[in-house]
Amino acid sequence: MSQPTEPRTTRPTDQRPTLSRRHALGGVAGVGLGLPLLAACGDDSSATDPAGSSGASSGGSPSAAGSEGAEGSGGSGGSSAFASTSDVPVGSGAVFPDEGLVVTQPTEGEFLGFSITCTHQGCPVDSVSDAGISCPCHGSIFDLSSGAPTAGPATSALGSIALTVDGDDISRA
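Conventions used here
- Residues numbered from 1 in each chain as written.
- Predicted model: local features only at pLDDT ≥ 70, side-chain atom pairs only at ≥ 80, totals over all residues.
- Heavy atoms only, no water.
- Helix = DSSP H or I, 4+ residues; strand = E, 2+ residues; numbered from the N terminus.
- Buried < 20%, exposed > 50% of the residue type's maximum accessible area, 1.4 Å probe, protein only.
- Contact = heavy atoms within 4.5 Å.
- Areas by Shrake-Rupley, 256 points an atom, 1.4 Å probe, with all protein chains shown as cover.
- Phe/Tyr/Trp six-rings, centres within 6.5 Å; stacked < 30°, edge-to-face > 60°.
- Core = buried A, V, L, I, M, F, W, Y, C linked by side-chain atoms within 4.5 Å.
- Disulfide = S-S within 2.5 Å.
- Pairing = 2+ DSSP bridges.
- Salt bridge = Lys/Arg side-chain N within 4 Å of Asp/Glu carboxyl O.
- pLDDT = per-residue confidence, 0-100.

**Student:** So what's going on with the overall build of the protein chain? Residues and values would help.
**Tutor:** Assigned secondary structure in the protein chain consists of two helices and eleven strands. Beginning at the N terminus, the succession of helices and strands in the protein chain can be written as α-α-β-β-β-β-β-β-β-β-β-β-β. The burial tally for the protein chain puts 31% of its 173 residues in the buried class. Taking the intrachain contacts of the protein chain between residues at least 6 apart in sequence as the baseline, contacts between residues at least 24 apart amount to 44%. About 10600 Å² of surface is accessible on the protein chain, with carbon and sulfur atoms providing 54% of the total.

Structure below.
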C-alpha cells in the first residue's frame, strides 16, 4: 500500500518578491524624517565656535544665514540697525532670532553680541535673564558678559559678534 502524498505548493524560481510603491515611498519618507532626528542626537565633537567668523555663524539657523550674508557683505558701517538700546534691559539682554544673535547689557551702556546657537548641540537660545542666556534644549546657561557656560552640558562659550551702537541704534559692526 502506498501512502497518499499531499500536493506541494512551490513558487516558481522566476518569481521574486516585489517592492510596492507604497512601501518604497514609506521608506523614503521614514529616512527623510529620521535623518534630522539622528543629527540632533549626535555628539557635539564637531561643534565649533559658531560665530568665530561671519561665515561660520550661519550654521545654527536659516535666519542667521540670511542676515549674515546680507549684512556681512556690506562691510564696516554697511549694516542697518536691528534693535534699539531700549530693547535690551540692563543686567539682562534680548534674543533676536531673525538676526541670529543675542544682545546683552551686563552694565549700563555696555552692549555685547553673541551667537544665538548653543555650543552644546546647536539649539537656538531663547531667553535672557539676570541669571544668563538660556538654551531650552538641555538647560545650558551662558554668562551675560563673556558668553561662557555657567550651567548645563555646554562646555564652550557662545560665539562673540561685534556690534556697533550709534545713539540708540544697535547694528552689527
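**Student:** Can you explain the packing of aromatic side chains? Please cite residues and give values.
**Tutor:** The full count for this structure, using the stated rule, is one aromatic pair. When the ring of Phe82 is compared with that of Phe96, the centres are 5.3 Å apart and the planes differ by 70°; the resulting orientation is edge-to-face. Within this pair, whereas Phe82 is found in the loop between helix H2 (62-72) and strand S1 (83-84), its partner Phe96 is found in strand S2 (residues 92-96), the two being separated by 14 residues in sequence. In this structure, Phe82 and Phe96 share a single accessibility class: buried.

**Student:** Run through the nonpolar core, naming residues and quoting values.
**Tutor:** Core analysis: the biggest nonpolar cluster contains 13 residues, and Cys118, Val125, Ile133 and Phe142 have the highest contact counts within it. If sequence neighbours within four positions are ignored, Phe142 has contacts with Cys118, Thr119, Val125, Gly132, Ile133, Gly147, Ala148, Pro149, Thr150, Ala154, Ser156 and Leu158. Listed in part, the eleven residues of the second largest apolar core include Ala94, Phe96, Ile161 and Leu163.

**Student:** Lay out the state of the cysteines in plain terms, naming residues and giving numbers.
**Tutor:** Taken as a whole and judged by the stated rule, the model has one disulfide. The partner cysteine of Cys123 in its disulfide is Cys137, sulfur to sulfur 2.2 Å. Between Cys123 and Cys137 the disulfide shows an S-S torsion of about -105°. By sign, it is left-handed. Here Cys123 is found in the loop between strand S4 (112-115) and strand S5 (127-129), whereas its partner Cys137 is found in the loop between strand S6 (132-134) and strand S7 (141-142), with 14 residues between them in sequence. For Cys118, which is in no disulfide, the shortest distance to another cysteine sulfur is to Cys135 and amounts to 3.8 Å. Look at Cys118 and you get buried, because its relative accessible area is 3%.

**Student:** Go over the sheet that holds S1 with me, naming the residues and quoting the values.
**Tutor:** Ordered by their spatial adjacency, three strands build an open sheet running S1-S11-S10, and the pairing between neighbours is antiparallel. Strand pairing shows two members of the sheet lacking a second neighbour, S1 and strand S10 (163-166), which therefore form its edges. In this sheet, strand S11 (residues 169-172) lies alongside S1 in antiparallel orientation, the contact comprising two bridges. Looking at the pairing, Ala83 lines up with Ile170 of S11.

**Student:** Describe the pattern of salt bridges, with residues and values.
**Tutor:** For the structure on display, the rule yields one salt bridge. Across the salt bridge formed by Arg172 and Glu99, the nearest N and O atoms sit 3.8 Å from each other. Separated by 73 residues along the polypeptide, Arg172 in strand S11 and Glu99 in the loop between S2 and strand S3 (101-105) bring together distant segments of the chain. Given a relative accessible area of 7%, Arg172 falls into the buried group. Using a relative accessible area of 13% as the deciding quantity, one classes Glu99 as buried.

**Student:** Can you lay out the confidence of the model for the protein chain for me, pointing to particular residues and giving the numbers?
**Tutor:** Per-residue pLDDT for the protein chain has a mean of 74; in total, 54% of the residues score no lower than 70. Long-range and interchain partners of residues 42-77, a stretch whose pLDDT sits below 50, account for 39 contacts in this model, where long-range means more than four residues apart.

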